[in-house]
Structure formats: structure tokens, C-alpha cells
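Spelled out, the chains give:
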Amino acid sequence: EVQLLESGGGLVQPGGSLRLSCVASGLTFSTNAMGWVRQAPGKGLEWVSSISDSGGRTYYEDSVKGRFTISRDSSKNTLSLQMSSLRAADTAVYYCVKAHCGATSCSRVDYWGQGTLVTVSS
Amino acid sequence: QSALTQPASVSGSPGQSITISCAGTSSDVGGYNFVSWYQQNPGKAPKLIIYDVTQRPSGVSDRFSGSKSGDTASLTISGLQAEDEADYYCSSHRNSRNLGVFGTGTKVTVL
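Residues numbered from 1 in each chain as written. Chains lettered and ligands numbered in written order. Predicted model: local features only at pLDDT ≥ 70, side-chain atom pairs only at ≥ 80, totals over all residues. Heavy atoms only, no water.

## Notes on the overall build of chain B
Of the regular secondary structure elements, chain B holds zero helices and nine strands. Element order for chain B, N to C, with α for helix and β for strand: β-β-β-β-β-β-β-β-β. The C-alpha radius of gyration computed for chain B amounts to 13 Å, which stays within 12% of the reference 13 Å derived for 111 residues, consistent with globular compactness. Summarising its shape, the C-alpha atoms of chain B cover approximately 40 × 25 × 25 Å along the three principal directions. (Helix = DSSP H or I, 4+ residues; strand = E, 2+ residues; numbered from the N terminus. Rg over C-alpha atoms; globule rule 2.2 N^0.38 Å.)

Dropping the structure here:
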């Protein structure tokens, strides 16, 4: 059974930073693309970022480019999202996901974590 | 990102069939067979129920089926049950984007 367990969410002030982590089990982490999808309170789903199995390709939603950095450590089966210059609009539940990617894009989520809430407020 | 268009809500009685639409363009839904559907129960994470327009992951009930016509994809739930009450989202690959796009979401109510 695939399990994705996020941590690191919390309350942060505008302009602040936060690092999310996700530990994966039940899958061969090093051969799977991964990513983050977020959902603002009462709103729909939005891709944030994805990373290829090797870590060599990363994609970002335009609204987070230059502020968020996705990374992975296959020795620890861990996916991370470093978030900086946070804004109120970044407030959301962030889901760690196992992504299904083609040659140049990731458009499908095969598995979801339970999510971690990030609240950006003063 | 411009989301795919879904009806805000759909309802039906137990045992009935309902259909949820997902309207896009030739740059996404109409141009590729990479449409997926997700079910999200209240307070829970979404779950993949349809991928590649018509395919069901292992363990998903065959009461869920997907189709596509032109730029619009559809999810049909047959034999509606109380446990099907949830939010449903479509998603698709979109030309010129490295990340997919989601639909606006549809709340299904079982009367």
C-alpha cells in the first residue's frame, strides 16, 4: 500500500519561509515522479510543483516560480518543498503526490498524502 | 492557470445515474487522452477514480465510467449510492504547460 506522509505545515507570517516534507512508503521512490498539489480553504485543486524520478527535471506553477523549490532525497524516500516569500494566497492544504508524468509534463496524480495545512497570516 | 469548467453541483436519487461534465478546449481535453477524475470525500484527500479518459484503477467500482466527446469529458456514476456523495474533480494535460490543469469541481448530492 502506497503511503505518503506530509509534515511541516503551520502558521507563518507573510514574507516568511516554511519547509514541507513527505516520507513515502509502499513504492519504489527512486523510480517515481513526485509532486505537490494544493487546495485553498473551500477551493479547488492546483498543481504547485513536480520533480522527475531522477530529480533532474522540475516544474513549477507560475505563481510560485522563484519562491518555491522542490527537491528529493531517494536515500531517505523523502520529498521536500522549500517555500519562501510566502503570501496570504499561499494559504492551503498541501498534498504530497505520486505523479504520472510524460516526456514534458505531469498531469495525473496516482496517489495522495493526507495533506498538511499552511496558513500565511500576520 | 485557467481551470476546466465543471458544473458546481449535480444531484440524484439512489439507484439513478448521473453525469458530470468537464469542458475544456482543443489545447487540453480535446487534444489529448489524458483526462483523469478524482473523488474527494469531506475532509479527506482526493482519490484517483478514472485516468486516460476511460481507465479505472484497480479497486475502483465499475459504477464509475469515463468518456470524452470533442472538448468535453464526462464522468458517469451509475447506481448512485449514498457513499458517492463527494466532490469530484477532472484534470487534463494542457498544451504548452508542464503541469496539468484541474477542473473547478462538482459537488454530488445523493437525495
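## Section: the overall build of chain A
Looking only at helices and strands, one finds zero helices and eleven strands in chain A. Going residue by residue from the N terminus, the α and β elements of chain A occur as β-β-β-β-β-β-β-β-β-β-β. In terms of overall dimensions, chain A is globule-like: its C-alpha atoms have a radius of gyration of 13 Å, near the 14 Å expected for 122 residues. When the backbone C-alpha atoms are referred to their principal axes, chain A occupies close to 40 × 25 × 25 Å. The 122 residues of chain A split such that 50% are buried. (Buried < 20%, exposed > 50% of the residue type's maximum accessible area, 1.4 Å probe, protein only.)

## Comments concerning the packing of aromatic side chains
According to the stated counting rule, one finds seven aromatic pairs over all chains in the structure shown. When the centroid spacing of 5.6 Å and the interplanar angle of 85° are considered together, the rings of Tyr95(A) and Trp112(A) count as edge-to-face. Here Tyr95(A), found in strand β9 (residues 92-101), pairs with Trp112(A), found in strand β10 (residues 106-112); they are 17 residues apart in sequence, far enough to count as distant. Since its relative accessible area comes to 12%, Trp112(A) is described here as buried. Seen in terms of ring centroids, Phe64(B) and Tyr88(B) are 6.4 Å apart; in terms of plane orientation they differ by 35°. Their pairing is tilted. Of this pair, Phe64(B) sits in strand β5 (residues 64-69) while Tyr88(B) sits in strand β7 (residues 86-92), and the two are 24 residues apart along the sequence. Here the two residues Phe64(B) and Tyr88(B) agree in accessibility, since each one is buried. (Phe/Tyr/Trp six-rings, centres within 6.5 Å; stacked < 30°, edge-to-face > 60°.)

## Things to note about the sheet that holds strand β2 (residues 18-23) of chain B
Residues and elements named next belong to chain B. The three strands are arranged β2-β6-β5 in an open sheet whose pairing can be described as antiparallel. Of all the strands in the sheet, the pair left with one neighbour each is β2 and β5. Taking the axes of each pair of neighbouring strands and ignoring which way they run, one obtains an average angle of 20° across the sheet. Bridging between β2 and strand β6 (residues 72-77) involves six bridges; their strand directions are antiparallel. The residue bridging Ser-21 from the neighbouring strand is Ser-74, located in β6. (Pairing = 2+ DSSP bridges. Axes fitted to C-alpha atoms, helices over the stretch in contact; angles between N-to-C directions.)

Functional significance is not addressed by these values, which are geometric in nature.
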